[in-house]
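Spelled out, the chains give:
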Amino acid sequence: MIQPLTEKQISDKILACGIRPSFQRVKILNYLYKNRLHPTAEKVYEALSPEILTLSRTTVYNTLKLFIDNGLVQSLTIDGDEMRYDADTSHHLHFKCNCCGNVLDMLYPDTEFEYDKIISMLPAEFTVNKIQTFIWGTCSDCKKK
């Protein structure tokens, strides 16, 4: 689980990856850190466009791709072609609620061990770029309704 960061810390993280920390880039990464429900690019755009009048969908998509390519963000394809974004790039599980559609991080202390175990079972010439594990069900909020 990631801790909230200041805009200065976010700017420094972006800069450390060799990326110019523009106002829009800082705002997009900050939004992902603060909104842990793994938003789509469209949700990011809808949330930030009232605040950043010059923001375009193209800027959001290009920025998210840049962040993925540089390890600042991970993408999640949970159902079909629905791409979600997560600022927590550590190994962890995800739970998607079938009712509300929210995607939540699931803390499982042995995730790193389990992923390493799976990787060790692959033939030596295989290269693993990413492992994702998803759980589907009903979240506690929806269950109460």
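Note that the structure is a prediction, hence the values are computed from the model and not measured.

## Some remarks on the overall build of the chain
Phase 1 of the analysis: On a plain count of helices and strands, the chain comes out with 6 helices and 5 strands.
Phase 2 of the analysis: Walking the chain from its N terminus toward its C terminus, one meets helices and strands in the order α-α-α-α-β-β-β-β-α-β-α.
Phase 3 of the analysis: With respect to the principal axes defined by its C-alpha atoms, the chain has extents near 45 × 45 × 30 Å.
Phase 4 of the analysis: Pairs at least 24 residues apart make up 50% of the contacts formed inside the chain by residues separated by at least 6 positions.
Phase 5 of the analysis: As presented, the chain carries roughly 8,800 Å² of accessible surface, and 55% of it is formed by carbon and sulfur atoms.

## Topic: unusual backbone geometry
Phase 1 of the analysis: In the Ramachandran plot, H38 falls in the positive-phi region, its phi being about 55° despite a non-glycine side chain.
Phase 2 of the analysis: Inspection of the secondary structure assignment puts H38 in the loop between α2 (23-34) and α3 (41-48).

## What to know about the nonpolar core
Phase 1 of the analysis: Counting residues in hydrophobic clusters, the biggest one holds 22 residues, and the most contacted among them are I14, I28, V60 and F67.
Phase 2 of the analysis: Mapped by element, the contributors of at least two residues to this core are α1 (7-16), α2, α3 and α4 (57-69).
Phase 3 of the analysis: The leading source of residues in this core is α2, at 6 residues.
Phase 4 of the analysis: Leaving out residues up to four positions away in the same chain, F67 has contacts with I14, I19, R25, I28, L29, L72 and V73.

## Side note on the state of the cysteines
Phase 1 of the analysis: The final tally for this structure, using the stated rule, is 0 disulfides.
Phase 2 of the analysis: The thiol of C97 is not disulfide-bonded; the next cysteine sulfur, from C100, is found 3.7 Å away.
Phase 3 of the analysis: Cysteine C99 remains unbridged, with the sulfur of C97 as its closest cysteine sulfur at 4.6 Å.
Phase 4 of the analysis: By relative accessible area, C99 is classed as exposed at 54%.

## Let's talk about the environment of I135
Phase 1 of the analysis: Mapped onto the fold, I135 is located in strand β5 (residues 134-137).
Phase 2 of the analysis: Since its relative accessible area comes to 34%, I135 is described here as partly exposed.
Phase 3 of the analysis: Setting aside anything within four residues of it in sequence, one finds I135 in contact with L93, H94, F95, K96 and M106.

## A closer look at the confidence of the model for the chain
Phase 1 of the analysis: For the chain, the average pLDDT comes to 91, and 99% of its residues sit at 70 or higher.
Phase 2 of the analysis: Mean pLDDT per element in the chain: helix α5 (residues 111-120) is the minimum at 83, and α4 is the maximum at 98.

Conventions we followed
- Residues numbered from 1 in each chain as written.
- Predicted model: local features only at pLDDT ≥ 70, side-chain atom pairs only at ≥ 80, totals over all residues.
- Heavy atoms only, no water.
- Helix = DSSP H or I, 4+ residues; strand = E, 2+ residues; numbered from the N terminus.
- Contact = heavy atoms within 4.5 Å.
- Areas by Shrake-Rupley, 256 points an atom, 1.4 Å probe, with all protein chains shown as cover.
- Core = buried A, V, L, I, M, F, W, Y, C linked by side-chain atoms within 4.5 Å.
- Buried < 20%, exposed > 50% of the residue type's maximum accessible area, 1.4 Å probe, protein only.
- Disulfide = S-S within 2.5 Å.
- pLDDT = per-residue confidence, 0-100.

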